[in-house]
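# Fold and geometry: a report
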2 protein chains.
Amino acid sequence: MNNLADVIEQWILRQMASEQDEIIMLRRNEMAEELACAPSQITYVLSTRFTIERGFIVESRRGSGGFVRIARIPVQTIVYQDAANQIDETISLEEVKVIVARLRSHNLMTSREAALVCKCFAVVYERIPAQERVPLLKSLLMTLANQNEV
Amino acid sequence: MNNLADVIEQWILRQMASEQDEIIMLRRNEMAEELACAPSQITYVLSTRFTIERGFIVESRRGSGGFVRIARIPVQTIVYQDAANQIDETISLEEVKVIVARLRSHNLMTSREAALVCKCFAVVYERIPAQERVPLLKSLLMTLANQNEV
DNA sequence: AGTCAAAAGGTCAATTAAAGTCAAAGTGCG
DNA sequence: CGCACTTTGACTTTAATTGACCTTTTGACT
């Protein structure tokens, strides 16, 4: 972990951890000075690591009084909600599995989680009639949406 | 055992043994230098011997600050098997949750997985009679045991 | 209001530092 | 011999880092 980009990433994450609202604001140049790196390096780290896919929103302003604001967002919730919305009485187990695979491929769940969820779904399909099934499937999916890493 | 690939394999295994967390990180080029071999030889050994089937996970990054991380994945299966053995017709949902919590605290599942599995169990308890329940609970648990990371 | 300079942050292309790929050549055993 | 496994190195791809130059924003001074 002696590469600059990683050091910067950790630095930012630590700052965020010390806030309780998951939002921080920083001055790019000050930070570059503190970390003894090129200011553009900060930009690089932000654009490679603090992406929307990884659940961050970065906003900034130039000019005097400029800043960079980094916020962590629960993107997951939105995508999961969307997935859950596709589930109704008519959907087949195979179709549900496709939805799970999509979540998996977007890194919104691990393959272990995908395997588990598919297994559960199989059980539900086997044992429970269609109408009762729907809310169960949805709530199982949303269980993952509402849990954050580790 | 005087072939290079085997020597490299042993070298890596010895490094791992000297760590207590079964994870090592190394620079491919440095290692190649130390072992006086072509860097690509390291790649070869990793891809033939440190495979997922043999219980390893290899991750790497190119570019400056690049690295190769090798992790041995524990023989979870035994612990999971043990957990599954504790499940019988008499066990309550609360007791099952305790078992899950233990697996979780030993890092044999993530908290997301734990949440998911508990949710599934709740569904099973609610809908399915005791005798039929047991094999389902066991097979759900073992689904996780048999899946390896990522 | 208009202008201008200073103070931010952004872009991009060039450079350097890894690791990966793959085909070809080598080795050794049944 | 023939086949499977090793070994190598030239070439490819990816990641990180920097610095020169660009754009936006503000505020002070006409």
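### Quick word on the overall build of chain A
When its secondary structure is counted, chain A shows seven helices and three strands. Computed over C-alpha atoms, the radius of gyration of chain A comes to 20 Å, more than 25% over the 15 Å expected from 2.2 N^0.38 for 150 residues, which places it beyond the range of a compact globule. Over its C-alpha atoms, taken along the principal directions, chain A stretches across nearly 65 × 30 × 25 Å. When burial is assessed residue by residue, chain A has 42% of its 150 residues classed as buried. Taking the intrachain contacts of chain A between residues at least 6 apart in sequence as the baseline, contacts between residues at least 24 apart amount to 53%.

### Some thoughts on the protein's contact with DNA strand C
In the vicinity of DNA strand C there are 24 residues, among which A:Arg28, A:Asn29, A:Arg62, B:Arg28 and B:Arg62 approach most closely. The sugar-phosphate share of atoms of DNA strand C within 4 Å of the protein amounts to 71%. One of the backbone N or O atoms of A:Gly63 is found 3.0 Å from a base nitrogen in DNA strand C. Those elements that provide at least two residues to the surface near DNA strand C are α2 (28–34), α3 (39–49) and β2 (56–61) of chain A together with α2 (28–34), α3 (39–49) and β2 (56–61) of chain B. Counted by class, the surface near DNA strand C contains two nonpolar, 14 polar and eight charged residues.

### Examining the state of the cysteines
Applying the stated criterion across every chain yields a total of one disulfide over all chains. Between the sulfur atoms of A:Cys120 and its disulfide partner B:Cys120 the distance amounts to 2.2 Å. On the S-S bond that ties A:Cys120 to B:Cys120, the torsion sits near 95 degrees, and the link is right-handed. Taken together, the residues span two chains, with A:Cys120 in helix α6 (residues 111–127) and B:Cys120 in helix α6 (residues 111–127). For the residue pair A:Cys120 and B:Cys120, the accessibility class agrees, reading buried in each case. No disulfide involves B:Cys118; its sulfur sits 9.1 Å from that of B:Cys120, the nearest cysteine. Taking relative accessible area as the criterion, B:Cys118 reaches 18% and is therefore assigned buried.

### Let's talk about the protein's contact with DNA strand D
Taken together, 25 residues are adjacent to DNA strand D, and A:Ala5, A:Tyr44, B:Leu4, B:Ala5 and B:Tyr44 come closest. Sugar plus phosphate, as a fraction of atoms of DNA strand D within 4 Å of the protein: 63%. The separation between a base oxygen of DNA strand D and a polar side-chain atom of A:Arg62 is 2.9 Å. Every element with two or more residues in the surface near DNA strand D is listed here: α1 (4–18) and α3 of chain A together with α1 (4–18) and α3 of chain B.

### Considerations on the side chain of A:Asp6
Residue and element names in this part refer to chain A. The residue Asp6 is located in helix α1 in this model. With relative accessibility at 7%, the residue Asp6 sits in the buried group. Polar contacts involving the side chain of Asp6 include one to the side chain of Arg49, which spans 2.4 Å.

### Quick notes on unusual backbone geometry
Residues and elements named next belong to chain A. Of note, Glu22 is a non-glycine position whose phi angle comes to about 60 degrees, a positive value. Structurally, Glu22 can be placed in the loop between α1 and β1 (23–26). The phi dihedral of Ala36 is positive, around 50 degrees, even though this residue is not glycine. Tracing the chain through its elements places Ala36 in the loop between α2 and α3. Classification of Ala36 as exposed rests on a relative accessible area of 68%.

### Examining the domain arrangement of chain A
For chain A, the assigned domains are domain 1 (4–72) and domain 2 (75–145). For domain 1 of chain A and domain 2 of chain A, the distance between their C-alpha centroids amounts to 35 Å.

### Thoughts on the packing of aromatic side chains
All names here are of chain A. Inspection of every chain in the model, using the stated rule, returns two aromatic pairs over all chains. Aromatic side chains Phe50 and Phe56 sit 4.7 Å apart centroid to centroid with 65 degrees between the ring planes, which places their arrangement in the edge-to-face category. Exposure class is identical for Phe50 and Phe56. Each is buried.

### A short note on the sheet that holds strand β1 (residues 23–26) of chain B
Residues and elements named next belong to chain B. The three strands are arranged β1-β3-β2 in an open sheet whose pairing can be described as antiparallel. At either end of the open sheet lies a strand with only one pairing partner, and these are β1 and β2. Taking each pair of neighbouring strands and ignoring which way they run, the sheet shows an average axis angle of 15 degrees.

### Observations regarding the sheet that holds strand β3 (residues 67–72) of chain A
All names here are of chain A. What the three strands build is an open sheet, ordered β1-β3-β2; its pairing is antiparallel. The open sheet is flanked by β1 and β2, the only strands paired with a single partner. Direction aside, neighbouring strands of the sheet carry axes that sit 15 degrees apart on average. As judged from the four bridges shared by β1 and β3, these two strands associate in the antiparallel manner. Within β3, the residue paired with Ile24 across the bridge is Ile70.

How each quantity is defined
- By convention here, each chain's residues receive numbers from 1 onward along its written sequence.
- To label them, take the chains in the order written and letter them from A, then take the ligands in the order written and number them from 1.
- With the structure being a predicted model, the display of local features is reserved for residues of pLDDT at least 70 and the display and counting of side-chain atom pairs for 80 or more, all residues being used for whole-chain, interface and lining totals.
- As a rule here, side-chain values cover all heavy atoms of the structure and leave hydrogens and water aside.
- Each helix is a run of DSSP H or I of at least 4 residues and each strand a run of E of at least 2, with the numbering of both proceeding from the N terminus.
- In this description the radius of gyration comes from C-alpha coordinates, and the expected globular size is given by 2.2 Å times residues to the power 0.38.
- Each residue is assigned to one of three classes by its accessible area relative to the maximum for its type, calculated with a 1.4 Å probe on protein chains only: buried under 20%, partly exposed between the two thresholds, exposed over 50%.
- Any two residues whose heavy atoms approach within 4.5 Å at even a single point are treated as in contact.
- One heavy atom suffices: a residue is near a molecule or strand as soon as one of its heavy atoms comes within 4 Å of it.
- Polar contacts here mean pairs of N or O atoms no more than 3.5 Å apart (in protein, one a potential hydrogen donor and the other a potential acceptor; neighbouring residues in sequence count only if both atoms are side-chain atoms).
- Here the nonpolar group is Ala, Val, Leu, Ile, Met, Phe, Trp, Tyr, Cys and Pro; Asp, Glu, Lys and Arg are the charged ones; every other residue, Gly included, is treated as polar.
- Any two cysteine sulfur atoms lying within 2.5 Å of each other are counted as a disulfide.
- The source of the domain bounds is an automatic or database domain assignment.
- For Phe, Tyr and Trp, rings pair up if their centres lie within 6.5 Å, where Trp contributes its six-membered ring, and each pair is then called stacked (planes under 30 degrees apart), edge-to-face (over 60) or tilted (otherwise).
- If DSSP finds at least two bridges between two strands, the strands pair.
- Note on geometry: axes are C-alpha line fits, over the in-contact stretch for helices, and angles between N-to-C directions span 0 to 180 degrees.

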